[in-house]
Amino acid sequence: MPKRIKQYAGRFSLVDGIPFKLPVAATNSPALMAVFPINPEKAKAFLPKGIHPFRLWNTGLLIVTVIDYRETPIGKYVEYSIAIACTHGEKPAPRLLPGLFMNFFKTGQYVVDLPVSSEISVKGGKGIWGMPKHQGHLDFKITDDKISSQYDLDGKLVTYVEIEPPKTTCIPVKMRASNYCSFRGMLMKSDILLDTKCGVRLLKNAKARFVIGDHPRLQAMKELEIGDAIATVFLPSITGTLDDHIESWFLDLDQLPEKAPEGFESVINLGLSEEWLSPPDAPIPPV
């Protein structure tokens with residue numbers, strides 16, 4: 001935890017009309033994660049210049065993370081992240097090593113889509129941190145035999161993920177995780193500081209299912225050749241602090257785009273509502 005974050009604990013900020021009690025932290029919030037192998041060459045189509053697929057041997061990694069935020073400065077909401085493991089730099093990094101030397105290779109994940117439950121989460125996450133947030137119909141369910149989350153738009157299924165619970169959740173997690181996103185024609189980098197415990201299943205023990213539905217939003221991701229899960233993680237009660245330090249770089253292109261990228265017009269008139277959209281109810285294809 002950086003010293004500056006410790007120093008402003010208990011103080012307040014008002015950013016874009018959103019009141020924050022500092023630090024911007026979440027507690028008592030369960031989360032699931034599922035990691036799937038993908039074709040790293042095809043993953044490049046989803047990444048901007050300077051962001052490269054992280055390679056685990058000969059595969060890239062798709063990371064699906066869903067957090068049921070129950071205690072935050074902006075209320076309750078579900079956040080459903082669909083991302084590609086990546087490194088940041090002029091050239092692609094070697095295989096495997098970025099998983100061990102994360103700071104050196106600037107290892108993180110590039111967030112392709114990030115639906116959330118509430119309007120205030122969109123306003124803050126996109127307007128302040130540059131995350132590709134938008135409201136979606138989301139849920140988060142925990143039963144004895146699975147942990148799952150569904151993501152709908154326009155009455156259609158976008159994606160569905162489920163994992164088999166681990167036997168125990170006693171593994172300590174104390175790390176900084178980096179998110180890369182594109183917004184306003186810029187590459188944005190933000191960090192979350194985790195201090196929690198989790199349970200993990202690996203390789204053949206990692207039982208998970210990820211379904212891309214019939215909504216057009218993420219149809220292109222079917223080209224990634226998504227394989228069977230190689231890891232699943234369950235965090236029964238996340239403790240995380242979102243760093244207020246943000247980095248950004250201009251996205252440089254071969255030629256000037258004909259259409260301006262999404263900008264502040266998408267968030268400037270949003271309100272502070274903590275209300276959720278209706279629960280998802282699109283049918284999920286059978287196994």
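Residues numbered from 1 in each chain as written. Predicted model: local features only at pLDDT ≥ 70, side-chain atom pairs only at ≥ 80, totals over all residues. Heavy atoms only, no water.

Caption draft 1: How the structure looks around the pattern of salt bridges. Taken as a whole and assessed by the stated rule, the structure comprises 17 salt bridges. E79 serves as the salt-bridge partner of K133, at 3.1 Å between the closest nitrogen and oxygen. Of this pair, K133 sits in strand β8 (residues 133-135) while E79 sits in strand β6 (residues 77-88), placing them 54 residues apart in sequence. For the residue pair K133 and E79, the accessibility class agrees, reading buried in each case. The residue R201 makes a salt bridge to E164 at a minimum N-O spacing of 3.2 Å. Of this pair, R201 sits in strand β14 (residues 186-202) while E164 sits in the loop between β12 (156-163) and β13 (171-183); the two residues are 37 residues apart in sequence, bridging distant segments of the chain. Taking relative accessible area as the criterion, R201 reaches 14% and is therefore assigned buried. Through salt bridges that share partners, R4, R176, K189, D191, D243, D244 and E247 make up one connected network. (Salt bridge = Lys/Arg side-chain N within 4 Å of Asp/Glu carboxyl O. Helix = DSSP H or I, 4+ residues; strand = E, 2+ residues; numbered from the N terminus. Buried < 20%, exposed > 50% of the residue type's maximum accessible area, 1.4 Å probe, protein only.)

Caption draft 2: Up close: helix α5 (residues 119-127). The element α5 is extensively covered by neighbouring structure, given that 8 of its 9 residues are classed as buried. Listed as buried for α5 are I120, S121, V122, K123, G124, G125, K126 and G127. Among the structural elements, β2 (18-21), β6, β7 (108-116), β8 and β13 are those in contact with the buried residues of α5. (Contact = heavy atoms within 4.5 Å.)

Caption draft 3: Focus on the pairing of β2. The alternating pattern of β2 places I18 and F20 on a buried face, while none of P19 and K21, on the opposite face, is buried. Where strand β1 (residues 12-15) meets β2, 4 bridges bridge the pair, whose relative direction is antiparallel. When the bridges of β2 are listed, L14 appears paired with P19. Turn length for the β1-β2 hairpin, with the two strands adjacent in sequence and antiparallel, is 2 residues, and the turn residue D16 shows positive phi of about 55°. (Pairing = 2+ DSSP bridges.)

Caption draft 4: Structural detail: unusual backbone geometry. Note that the residue after L22, namely P23, is joined by a cis bond; omega there is -5°. The backbone phi angle of L96 is positive, close to 70°, even though this residue is not glycine. Residue position: L96 is located in the loop between β6 and α3 (97-100). At L203, a residue that is not glycine, the phi angle is positive and equals roughly 50°.

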